[in-house]
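Per-entry structural report
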Amino acid sequence: MRELTYVAKRTVEWREVPDPKLRSDGEAIVAPVAATPCDVDSVILAGHGFVEPPFALGHECVARVVETGDAVTTVSPGDLVVVPWSVNCGTCDRCRAGLTAHCATVPYMAMYGAPIGGSWGGLFSDLVRVPYADAMLVPLPAGLDPVALASASDNWSLAWRLVAPHLKARPGARVLVVARGSIGLYVCDIARALGASEVLYVDPDREHRALAREFGATTAEALEPLPQSYDVAVEATGRVDQLGLAVKCLSPEGICESAGNHFRPGELPLLDMYLTGVTLRVARDSVRAHIPEALALAASGRVDPGKVVSHVIDWEDLPAALPEKHLKPVFVRNGVEDGS
């Protein structure tokens, strides 16, 4: 089979590798049919990642189940499924607590799309082995478009987690979103649907701001400190200076969620945070625990994640098209662009 491999800055290529095989009766083999780059993949492709190439890329997809072991009970060959980005067993203490990104059964940080925590391949591959099929795979609800939900493996479900629990605890909260990619736009859509009284989206990209306005947000090209103006802030830029500005805008005991991949050091306004009272969370997301709720919101019709899809591109064009700068391209095969 072919495995899309990151080899150098803005360069990927197909490489032939052996087809994956079932290694136990609890595993599955899946074939990605709608795959999309995570926001951090854009950072990797730009040459700013922290893992040296070459390695298989990709950790967001909807896939079709090809084969299952005899002990698998939750999915069957032919099913469309979401494949979460992190590898997890579902039964260890951490997984049962919802901390699937920190599974104690597999090597630390085991994931698709980067060779950390072992080599698990990438979701821009013709076939993928899923070692804990019942624990990991989530059937795509009937009627949901696999192209629109290709990001449910990570960014869409992450965006749900960044804002939904806080709006449940603080109905009508004011939400600030400081972003550069798809995560922030998903947050705008979800926050509006879940009753935020105000959403401000900050991004220098004009087209991104236009889309945020379609989701009901007000927008700004740059962020100025607005003390005590927002109850919840979501930062998804990877820039510590932007994170610092976001926390300065929080109301007393406000919450800041940072989804930015901060590969570079920086300083935060700790005194301001102390005086205001700020809860800051910076974390890789244990996405498997809340994929079902994120998909349920998508199925409700109250949100439209498909609006964030910027391009639908044929699977065979991955090597040429992936390094190009697009907001959220989805690569499809087998007629999936029409939802089949």
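Before reading on, note that the structure itself is shown above.
Below you will find a few notes about this structure. (Residues numbered from 1 in each chain as written. Predicted model: local features only at pLDDT ≥ 70, side-chain atom pairs only at ≥ 80, totals over all residues. Heavy atoms only, no water.)

**Side note on the pattern of salt bridges**
Tallied over the entire structure, the rule returns 14 salt bridges. Taking the shortest distance from any N to any O, the salt bridge between Arg-192 and Asp-189 comes out at 2.7 Å. Note that Arg-192 and Asp-189 are positioned in helix H5 (residues 182–193) at a spacing of three residues, about one turn of the helix. The partly exposed category is assigned to Arg-192, whose relative accessible area is 36%. A cluster of three or more residues bridged by salt bridges with shared partners is formed by Arg-2, Asp-126, Glu-316 and Arg-333. (Salt bridge = Lys/Arg side-chain N within 4 Å of Asp/Glu carboxyl O. Helix = DSSP H or I, 4+ residues; strand = E, 2+ residues; numbered from the N terminus. Buried < 20%, exposed > 50% of the residue type's maximum accessible area, 1.4 Å probe, protein only.)

**A few points about the sheet that holds strand S13 (residues 250–258)**
The strand order S11-S10-S9-S12-S13-S14 describes an open sheet built from six strands, whose pairing is parallel. The sheet is open, and its two borders are formed by strand S11 (218–220) and strand S14 (278–282), each paired with just one other strand. Going across the sheet, the axis of each strand differs from the next one's by a mean of 15°, ignoring polarity. Examined bridge by bridge, strand S10 (residues 198–202) and S11 share three bridges and lie parallel to one another. Its bridge partner being in S11, Leu-200 is matched across the sheet by Thr-218. Strand contacts of helix H6 (residues 206–214): S10 and S11, with the helix running at about 165° to S11, the strand carrying the most contacts. (Pairing = 2+ DSSP bridges. Axes fitted to C-alpha atoms, helices over the stretch in contact; angles between N-to-C directions. Contact = heavy atoms within 4.5 Å.)

**Description of a nonpolar patch on the surface**
On the surface, a nonpolar cluster with roughly 410 Å² of combined accessible area is contributed by Leu-271, Tyr-274 and Leu-275. Within the secondary structure layout, Tyr-274 lies in helix H8 (residues 270–276). Exposure remark for Tyr-274: the relative accessible area of 66% places this residue in the exposed category. (Patch = residues over 30% accessible without salt bridge, like charges linked within 9 Å, V, L, I, M, F, W, Y side chains within 5 Å. Areas by Shrake-Rupley, 256 points an atom, 1.4 Å probe, with all protein chains shown as cover.)

**Things to note about unusual backbone geometry**
Along the chain, Pro-53 connects to Pro-54 via a cis peptide bond; the corresponding omega equals 5°. As for its position among the elements, Pro-54 is in the loop between helix H1 (39–45) and strand S4 (55–56). Its identity as a non-glycine residue notwithstanding, Met-109 has a phi of 70°, on the positive side. When you line up the elements, Met-109 lands in the loop between helix H2 (93–96) and strand S7 (128–130). Despite not being glycine, Gln-228 shows a phi value in the positive range, around 60°.

**Remarks on the packing of aromatic side chains**
Two numbers describe a pair of aromatic rings. These are the distance of the centres and the angle of the planes. Considering all chains together, one arrives at five aromatic pairs under this definition. On the numbers, 5.3 Å between centres and 85° between planes, the contact of Trp-156 with Tyr-186 is edge-to-face. Residue Trp-156 is located in helix H4 (residues 155–169), and its partner Tyr-186 is located in helix H5; the two are separated by 30 residues in the primary sequence. Here Arg-2 stacks its cationic end above the ring of Trp-14, 4.2 Å away from the centre of that ring. (Phe/Tyr/Trp six-rings, centres within 6.5 Å; stacked < 30°, edge-to-face > 60°. Lys NZ or Arg CZ within 6 Å of the ring centre and 35° of its normal.)

**Looking at the sheet that holds strand S2 (residues 11–16)**
Here three strands make up an open sheet; going across it, the order is S2-S1-S4 and the pairing antiparallel. Both outer strands of the open sheet, S2 and S4, are each paired with one neighbouring strand and no more. The pairing of strand S1 (residues 2–8) with S4 spans two bridges and is antiparallel. Within the sheet, the bridge partner assigned to Tyr-6 lies in S4 and is Phe-55.

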